[in-house]
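Each chain, letter by letter, is given below.
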Amino acid sequence: MLRFDGSGASDRGPVREVNEDAGFLGTHVLVVADGVGGSAAGEVASATTAYVVSRAVTPGADPMLALDKAVRRAIDVLSAAEAASAEAGGLGTTLTALAIDGDRAALVHAGDSRAYLLRAGGLARLTRDHTYVQRLVDDGFLAPEGMTQHPWRHVVTRSIHALPIPDDERPEYLELALVAGDRVLLCTDGLTDCLDDERIAALLAIPRADEAARVLVDEALLAGGRDNVTCLVADIVTAHATPRPRLPGDGLRLGSLADDGNVLAASGITAY
Ligand SMILES: [Mn+2]
């Protein structure tokens, strides 16, 4: 029976007034969400979405179905909140989440947060950024080295937000074959704007997960990072004994999710 064992770190950074990143690390689900810039309350969108996903994945639940259900639920909650609100602007967030049921693993991804896999010392990117500049590179209009300086590099082309969501803006789902000994990193763009994959691989190899997460965040800030930065580092471990029963949503809450005030009630929707 496989599960996650790790830790995480999140920092507001030197400039932003609020941390619009949310992170959650449980035994069977990992979540990062980054409130989309320009939206009225990014920290509400990210915390609410991360909360809904953290509660939807329970040990034994089919990971792909659980993630799909969670995304639908998050979209419903954000849509209802927006419909009830007088403010315009929208609630939107990136979402990258990984769920495991002891055997099968699944990933859902929308936006420019990322998931990486460290296996036998080699780093692989599990997600592809849903950004305007990534699309330019894919279509041959921009060289990859031009991405980091492009003025529109933060424009995301997919996110979790209120309905209607066109088909080509919906999240992507991926089945994963994880094995004991793998390590995964989920992070927001505050990390990957500042550190390249080679540096990320080196720091992710720090043996203790909590130390690796802290050092990744610190190094992004030392490299001049101005955005919120969130990293989750989790090892895939074999749980020999049956873990004590866990309540849905049990785990480490980071960033905007650490403040219950940011989480729109999952039932009884209120305006934000
Ligand atoms: Mn960000």
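Refer to the structure printed above.
No experiment lies behind these values; they were computed from the predicted model shown.

J.: Explanation requested: the overall build of the protein in the structure shown.
T.: A tally of regular secondary structure across the protein gives 6 helices and 13 strands. Each of the three principal axes of the protein carries a C-alpha extent, and together these read 50 × 45 × 35 Å. Counting only residues that meet the buried cut, the protein has 53% of its 272 residues in that class. Across the protein, every contact between residues at least 6 apart in sequence was considered, and the portion connecting residues at least 24 apart equals 72%. For the protein, the exposed surface amounts to about 12200 Å²; the carbon and sulfur share of it is 51%. Separation of charge centres in the protein, based on 24 positive and 39 negative side chains, amounts to 4 Å.

J.: Help me out: how do you make sense of the nonpolar core in this one?
T.: For soluble globular proteins, the rule of thumb is that nonpolar side chains tend to be buried together. Formed by 35 residues in total, the largest nonpolar core has its most connected members in Val31, Val53, Leu67, Leu91, Leu95, Ile160 and Leu257. Taken together, the elements giving at least two residues each to this core come down to strand 2 (21-25), strand 3 (29-34), helix 1 (42-56), helix 2 (63-84), strand 5 (95-100) and strand 6 (105-110). The contacts of Ile160, once residues within four sequence positions are left out, are Thr49, Val71, Ala74, Ile75, Leu78, Leu91, Gly92, Thr93, Leu95, Ala110 and Pro171.

J.: Got a minute to help me understand the pattern of salt bridges in this structure?
T.: Side chains that differ in sign of charge can pair as their charged atoms come close. Enumeration over the complete set of coordinates arrives at 16 salt bridges. With a closest N to O distance of 3.1 Å, Arg16 and Asp227 form a salt bridge. Pair noted here: Arg16 is in the loop between strand 1 (2-11) and strand 2 and Asp227 is in the loop between helix 6 (209-222) and strand 12 (229-238), with a separation of 211 residues, a long-range link. Look at Arg16 and you get partly exposed, because its relative accessible area is 38%. With its nearest N and O atoms 2.7 Å apart, the salt bridge here joins Arg114 to Asp129. Of this pair, Arg114 sits in strand 7 (residues 114-119) while Asp129 is found in the loop between strand 8 (122-125) and helix 3 (132-138), placing the two residues 15 residues apart along the sequence. Summarising the burial analysis for this pair, Arg114 and Asp129 share the class buried. Several salt bridges converge on common partners, so that one network encompasses Arg114, Arg125, Asp129 and Asp197.

Scoring rules and cut-offs
Residues numbered from 1 in each chain as written. Predicted model: local features only at pLDDT ≥ 70, side-chain atom pairs only at ≥ 80, totals over all residues. Heavy atoms only, no water. Helix = DSSP H or I, 4+ residues; strand = E, 2+ residues; numbered from the N terminus. Buried < 20%, exposed > 50% of the residue type's maximum accessible area, 1.4 Å probe, protein only. Contact = heavy atoms within 4.5 Å. Areas by Shrake-Rupley, 256 points an atom, 1.4 Å probe, with all protein chains shown as cover. Lys, Arg positive; Asp, Glu negative; His and termini not counted. Charge placed at Lys NZ, Arg CZ, Asp CG, Glu CD. Core = buried A, V, L, I, M, F, W, Y, C linked by side-chain atoms within 4.5 Å. Salt bridge = Lys/Arg side-chain N within 4 Å of Asp/Glu carboxyl O.

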